[in-house]
Amino acid sequence: MAFDLDRLVRDNIKSLIPYSSARGEYGGDARIFLDANENAFGSPLEKDYTRYPDPLQSKIKDRLAAIKNITPSRIFVGNGSDEAIDLLIRIFCRPGEDNILLCPPTYGMYEVSAAINDVDVRRANLNGDFELDVDAVLNAICDSTKLIFLCSPNNPTGNLLDREAIIETVSAFDGIVVIDEAYIHYSDESSLIEDLEAHPNLVVLQTFSKAWGLAGLRVGLAFAGEEIIALFNKVKPPYNISQASQETVLKALANKEIVEKNIEQTIAERKRLELEFPRFRFVEKVYPSDANFLLTKVSNATDLYGFLLSERIVVRNRSNVVLCDECLRVTVGTPEENHALLSAFERYEKSIVH
Ligand SMILES: *Cc1c(COP(=O)(O)O)cnc(C)c1O
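*Asks:* Sorry, what's going on with the side chain of Asn 240 here?
*Replies:* Among the secondary structure elements, Asn 240 is positioned in the loop between α9 (226-235) and α10 (243-253). The class of Asn 240 is buried, set by a relative accessible area of 10%. Side chain to side chain, Asn 240 and Gln 57 meet in a polar contact 3.0 Å long. In this structure Asn 240 touches Pro 55, Gln 57, Phe 76, Val 77, Gly 78, Asn 79 and Glu 83, once residues within four positions along its chain are discounted.

*Asks:* Explain the pattern of salt bridges here, please?
*Replies:* Pairing between side chains of opposite charge can happen when the charged atoms of each approach one another. Counted by the stated rule, this structure contains 22 salt bridges. Note that Asp 98 and Arg 94 form a salt bridge whose closest N and O atoms lie 2.9 Å from each other. With relative accessibility at 1%, the residue Asp 98 sits in the buried group. Overlapping salt bridges, with partners in common, bring together Arg 23, Asp 35, Glu 38 and Arg 51 in one network.

*Asks:* Mind showing me how you'd approach the packing of aromatic side chains here?
*Replies:* Given two aromatic rings, their pairing is described by the distance between the two centres and the angle made by the two planes. According to the stated counting rule, one finds 14 aromatic pairs in the structure shown. When the centroid spacing of 6.1 Å and the interplanar angle of 55 degrees are considered together, the rings of Tyr 26 and Phe 33 count as tilted. Judged by centre distance (4.6 Å) and plane angle (15 degrees), the rings of Phe 76 and Phe 232 are stacked. One end of the pair, Phe 76, is in strand β1 (residues 75-78); the other, Phe 232, is in helix α9, with 156 residues separating them in the sequence. Per residue, the accessibility class of Phe 76 equals that of Phe 232, and both read buried.

*Asks:* Got a minute to help me understand the environment of Gln 57 in this structure?
*Replies:* Along the chain, Gln 57 falls in the loop between α3 (22-25) and α4 (58-68). Non-local contacts of Gln 57, meaning those with residues more than four positions away in its chain, are made with Val 77, Lys 236, Asn 240, Ile 241 and Gln 246. One polar contact links the side chain of Gln 57 to the main-chain carbonyl oxygen of Pro 55, over a distance of 3.1 Å.

*Asks:* Looking at this structure, I do not really get the site of the ligand. What am I missing?
*Replies:* In the region of the ligand, 14 residues are neighbours, and Tyr 183, Thr 207, Ser 209, Lys 210 and Arg 218 sit closest. Here Asp 180 contributes a side-chain N or O atom positioned 2.6 Å from a nitrogen atom of the ligand. Arg 218 is positioned such that a nitrogen or oxygen atom in its side chain is 2.6 Å from an oxygen atom of the ligand.

*Asks:* Help me out: how do you make sense of the pairing of strand β9 (residues 293-298) in this one?
*Replies:* When a strand is regular, its side chains alternate between the sheet's two faces. The element β9 is largely enclosed, with a buried count of five among its six residues. Where strand β8 (residues 283-286) lies against β9, three bridges are found, and the strand directions are antiparallel. Residue pairing for β9: Lys 285 is matched across the bridge by Lys 297. Here β8 hands over to β9 after six residues, the two strands then running antiparallel side by side.

*Asks:* What is the right way to read helix α5 (residues 81-92) from this model?
*Replies:* Residues separated by three or four positions in an α-helix point in the same direction, a consequence of the helix having 3.6 residues per turn. Under the 1.5 Å per step criterion, the end-to-end length of α5 is 17 Å for 12 residues, consistent within 8% with the ideal 16 Å. Where burial is concerned, most of α5 is hidden: 10 out of the 12 residues are buried. Looking at α5, one finds that the buried residues are Ser 81, Glu 83, Ala 84, Ile 85, Asp 86, Leu 87, Leu 88, Ile 89, Ile 91 and Phe 92.

*Asks:* Please clarify how α10 should be interpreted in this entry.
*Replies:* Every buried residue belonging to α10 is among Ser 245, Gln 246, Val 249, Ala 252 and Leu 253, and all of these are buried. Projection of α10 onto a plane perpendicular to its axis shows the buried side chains occupying an angular sector of 125 degrees, all on one side. Where the residues of α10 are buried, they touch α4 and α11 (256-276).

*Asks:* What am I meant to see in the environment of Phe 282 here?
*Replies:* Within the secondary structure layout, Phe 282 lies in the loop between α11 and β8. Judged by relative accessible area, which is 2%, Phe 282 ranks as buried. Sequence spacing of Phe 282 and Leu 304 is 22 residues, and the spatial spacing of their C-alpha atoms is 9.1 Å. Once residues within four sequence positions are removed from consideration, Phe 282 is found in contact with Lys 297, Val 298, Ser 299, Leu 304, Phe 345, Tyr 348, Glu 349 and Ile 352.

*Asks:* Help me understand the sheet that holds β1 in this model?
*Replies:* To summarise the sheet geometry, strands pair through backbone hydrogen bonds and adopt either a parallel or an antiparallel arrangement. If you walk across this open sheet you meet the seven strands as β1-β7-β6-β5-β4-β2-β3, and the pairing is mixed. The sheet is open, and its two borders are formed by β1 and β3 (120-123), each paired with just one other strand. If you compare each strand with its neighbour and ignore which way they point, the axes differ by 25 degrees on average. Contacts between helix α8 (residues 163-172) and the sheet are confined to β4 (145-151), β5 (176-180) and β6 (202-207), with β5 contributing the most and set at about 155 degrees to the helix.

About the cut-offs
Along each chain, residue indices are assigned from 1 in the same order as the chain's sequence is written. Given that the model is predicted, a residue must reach a pLDDT of at least 70 before its local features are reported, and side-chain atom pairs must reach 80 or more before they are shown or counted; all residues, however, enter totals for whole chains, interfaces and linings. Side-chain metrics in this entry use all non-hydrogen atoms of the structure; hydrogen atoms and water are not considered. Comment: elements are numbered from the N terminus, with helices defined as DSSP H or I runs of at least four residues and strands as E runs of at least two. The rule is simple: take the accessible area with a 1.4 Å probe, protein chains only, and divide by the maximum for that residue type; under 20% is buried, over 50% is exposed, in between is partly exposed. Here a polar contact is taken to be a pair of N or O atoms separated by no more than 3.5 Å, where protein atoms must pair a possible hydrogen donor with a possible acceptor and residues adjacent in sequence count only if both atoms sit in side chains. Residues count as neighbours in contact if any of their non-hydrogen atoms are within 4.5 Å of one another. Any carboxyl oxygen of Asp or Glu within 4 Å of a side-chain nitrogen of Lys or Arg constitutes a salt bridge here. Think of it this way: a Phe, Tyr or Trp ring, Trp meaning its six-membered ring, pairs with another when their centres are within 6.5 Å, and the plane angle makes it stacked under 30 degrees, edge-to-face over 60, tilted otherwise. By convention in these notes, a residue is near a molecule or strand provided one of its non-hydrogen atoms lies within 4 Å of it. Strands are labelled as partners when DSSP assigns at least two bridges between them. Given the number of residues in a helix, its expected span is that number minus one, multiplied by 1.5 Å. The arc in question is the one spanned by the directions pointing from the helix axis to the C-beta atoms. Helix axes are fitted only over the stretch in contact, all axes being lines through C-alpha atoms; the angle between N-to-C directions runs from 0 to 180 degrees.

Following this line, the structure appears as structure tokens:
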């Protein structure tokens with residue numbers, strides 16, 4: 001189908017004159033900066049944060065561009081991926097008129113962002129194997145469907161979606177398909193960033209919150225065609241990433257080896273838990289995972305959840321989510337944390353077998 005970005009964008013966003021920040025208007029070097037009402041006398045802190053940060057985070061984008069083999073103009077840096085999700089809905093969906101399509105069970109933020117923006121949600125559930133049902137997706141969309149959100153590896157199920165099914169959906173839809181790759185670093189599959197060139201209606205989300213271990217910083221990424229990234233930049237708050245976050249992310253990007261080692265350890269521990277969980281009689285199923293968590297079906301999810309809480313171990317009870325009856329989502333912890341979890345499982349097993 002023909003992709004026409006101009007047709008998809010809300011009229012008020014097309015005609016928007018974006019806020020012009022001081023640092024955006026004059027980005028060069030000067031002797032004296034008296035243009036942004038910053039405090040010339042400094043702050044109570046030793047570290048100097050008196051100046052507004054780079055609105056377009058060019059140092060981070062240059063580093064990422066080299067790592068991801070993509071031009072900086074195809075990168076958006078957001079206050080978490082959550083900011084990118086919200087901006088996508090605000091750029092493309094007219095409140096009360098347009099809708100987005102989701103494939104439950106999936107990440108809850110897409111739906112919340114839609115609701116905040118008064119945008120309807122259509123649904124095409126994943127199938128019994130948590131795979132994308134392309135026919136169901138194409139049947140569920142309509143003329144006012146602007147965005148399809150797919151999550152791969154998917155949260156809370158943990159599996160990668162079939163790449164061909166994703167591409168089939170991207171090719172058949174004339175709106176935007178967003179692929180959320182928050183957990184991609186834990187899988188063997190390569191990122192769909194490499195398909196951006198061939199598919200102008202594709203947006204790929206990644207984040208520093210998971211494999212990079214920086215959830216507290218709130219830095220997420222969107223990769224897309226240049227025109228879509230320009231729309232993000234037009235709509236975002238001017239200084240959406242703080243100076244502290246920009247500096248910290250740059251430091252992290254210089255230490256990729258540590259991240260790779262953490263990923264290896266996480267996967268090794270995930271494999272251990274995958275083997276250990278089925279030893280317990282109350283565990284009915286452990287779903288295959290390409291992420292840093294396991295979805296597991298147990299005899300009584302709410303009972304086990306409560307027992308673990310009494311042991312001061314918190315997991316995520318997903319038993320009220322479609323296709324996740326009696327399921328808990330367990331994040332892979334350190335070897336010590338996982339050992340403690342398994343010991344708690346043993347005590348639970350004894351407590352229910354009479
Ligand atoms: C954790 C997670 C994110 C990360 O969101 P941030 O706002 O970047 O912390 C995004 N998508 C999914 C599916 C997640 O599970």
